[in-house]
Amino acid sequence: MACPVQFLCRGLRTVGLVLLYYVFSIGITFYNKWLMKGFHYPLFMTLVHLTIIFCLSALTRQAVQWWTGKPRVTLRWKEYLRKVAPTAIATALDIGLSNWSFLFITISLYTMTKSSAVLFILFFSLVFKLEEPNPFLILVVLLISCGLFMFTFESTQFNLEGFILVLLASFIGGIRWTLTQVLMQKAELGLQNPIDAMYHLQPLMFLGLFPLFLFNEGLSLSTSEKLFRVTELSPLLYSLFTLSIGGLLAFGLGFSEFLLVSRTSSLTLSISGIFKEVCTLLLAAFLMGDKMSMLNWLGFAVCLCGISLHVGLKTYYTKNKGPSLRQLKSKSPELELPLLQRNGNESKDSATDECDDEEEITLH
């Protein structure tokens, strides 16, 4: 009787974590699009979000350190600038350009174009020798490329400037996630815990994006009535409040992804991401009035087939490979928050069973 109950509890837990991930992931997409309708400073918005994420990460690290009594990892300046800076700059540009594109394009076009990041991740994974050459990868590339072409072909809401921004963000995103995998697989750095990774990445992300903000938005923002030339206090407080919501959503997204992977598997996150794309497009058509032809929907389906094939291939090949990222040892051995750890003998008895069910942590 214990097995069905345990299976049901695990299923309910997985569904709950997936729904939590959907709330933050879909929520921040629609939030960014909504905010850009009245606040045309996406890079400044991104800088505010980075600041909030850093503060929340620092508070979380302090809370975990107080709870466990173990010091959190803090990198030396030489390692920090040499090994973390490239990942931070690529991440900042990816997020900044993605948010910038919301000034020009619809959510549906953004979602579809952003899916092409898989192509660039595959490319840079091959360059950095993180991925082994495979003939099936050609089929993945063809499916995603053809799907993207069909989706954008004769689209009534197509915007070239926004499309280029998202495509450039996807290209940089390929570099970003490849460097992130390299960074998190360096066990000597101790950044396997995403809370520690976010804490170390945000300052350099801020510094990397700040020059682009000054060049593109600095002058216009300094003379805007949204922030620096307000005549009443209430509009200023409203702007700060709406910007803060995005920071909370961004932190919640990273934290929910961590929870989903750590308590289930990376395969669950990958499959959830595929269905999340479908939910996002349906909501965009229903709530935002995005118009999509039958050819556009067919292109989206072809692209999803390519992404699904990639996920399936990753799952198949990782089962026949060596140790996963989860098995790497770091200076900071606890990779989960103490409130999520099981107590007593239950943790010891179930650890082996859960490890058999979970796949290695990979890129999505």
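About the criteria used
- Residues numbered from 1 in each chain as written.
- Predicted model: local features only at pLDDT ≥ 70, side-chain atom pairs only at ≥ 80, totals over all residues.
- Heavy atoms only, no water.
- Helix = DSSP H or I, 4+ residues; strand = E, 2+ residues; numbered from the N terminus.
- Buried < 20%, exposed > 50% of the residue type's maximum accessible area, 1.4 Å probe, protein only.
- Contact = heavy atoms within 4.5 Å.
- Areas by Shrake-Rupley, 256 points an atom, 1.4 Å probe, with all protein chains shown as cover.
- pLDDT = per-residue confidence, 0-100.
- Core = buried A, V, L, I, M, F, W, Y, C linked by side-chain atoms within 4.5 Å.
- Phe/Tyr/Trp six-rings, centres within 6.5 Å; stacked < 30°, edge-to-face > 60°.
- Lys NZ or Arg CZ within 6 Å of the ring centre and 35° of its normal.
- Axes fitted to C-alpha atoms, helices over the stretch in contact; angles between N-to-C directions.
- Parallel < 35°, antiparallel > 145°, perpendicular 65-115°, else oblique.
- Left-handed = near helix turned anticlockwise from the far one by under 90°.
- Nonpolar A, V, L, I, M, F, W, Y, C, P; charged D, E, K, R; others polar.

Draft legend 1. Layout of the overall build of the protein. The helix and strand inventory of the protein stands at 12 helices and 0 strands. The buried share of the protein, reckoned over its 364 residues, is 50%. Counting contacts in the protein only where the partners sit at least 6 residues apart, residues at least 24 apart contribute 85% of the total. Counting only carbon and sulfur atoms, one obtains 69% of the accessible surface of the protein, whose full area is about 18,700 Å².

Draft legend 2. The confidence of the model for the protein, seen in detail. Chain-level pLDDT for the protein is 77 on average; 81% of the residues reach the 70-or-more range. Looking at the elements of the protein, mean pLDDT is at its lowest for helix α12 (residues 344–357), recorded as 44, and at its highest for helix α2 (residues 42–68), recorded as 92. Within the model, the stretch residues 323–364 combines pLDDT values under 50 with 75 contacts to residues more than four positions away or in other chains.

Draft legend 3. Broad picture of the nonpolar core. Counting residues in each nonpolar core, the largest one holds 78 residues, and the members touching the most others are Phe 39, Phe 44 and Val 84. Among the elements that make up this core, the one with the highest residue count is helix α1 (residues 2–36) (10 residues). Once residues lying within four places of it in the same chain are set aside, the contact partners of Phe 39 are Phe 44, Lys 226, Leu 227 and Leu 243.

Draft legend 4. How the structure looks around the packing of aromatic side chains. One pass over the full model with this rule turns up 13 aromatic pairs. By way of ring pairs, the aromatic residues Phe 39, Tyr 41, Phe 44, Phe 206, Phe 210 and Phe 213 are connected into one cluster. One cation-aromatic arrangement involves Arg 61 over Tyr 199; the distance from NZ or CZ to the ring centre is 4.0 Å.

Draft legend 5. Expanded view of the side chain of Ser 239. Looking at the element boundaries, Ser 239 is found in helix α9 (residues 233–263). When its relative accessible area of 6% is taken as the criterion, Ser 239 is described as buried. Among all residues touching Ser 239, those that are not within four sequence positions of it are Lys 226 and Leu 227.

Draft legend 6. Geometry of the packing of helix α3 (residues 77–101) against helix α8 (residues 194–222). Direction vectors running N to C along α3 and α8 enclose 50°, while the axes themselves pass 7 Å from each other. Taken together, the axes of α3 and α8 lie oblique to each other. Both α3 and α8 take part in a crossing whose hand is right-handed. Residue-level inspection shows Tyr 80, Leu 81, Val 84, Ala 85, Thr 87, Ala 88, Thr 91, Ala 92, Leu 93, Ile 95, Gly 96 and Trp 100 of α3 in contact with α8, the latter providing His 200, Leu 201, Pro 203, Leu 204, Met 205, Leu 209, Leu 212 and Asn 216. Tallied by class, residues from the contact of α3 with α8 come to 15 nonpolar, 5 polar and no charged.

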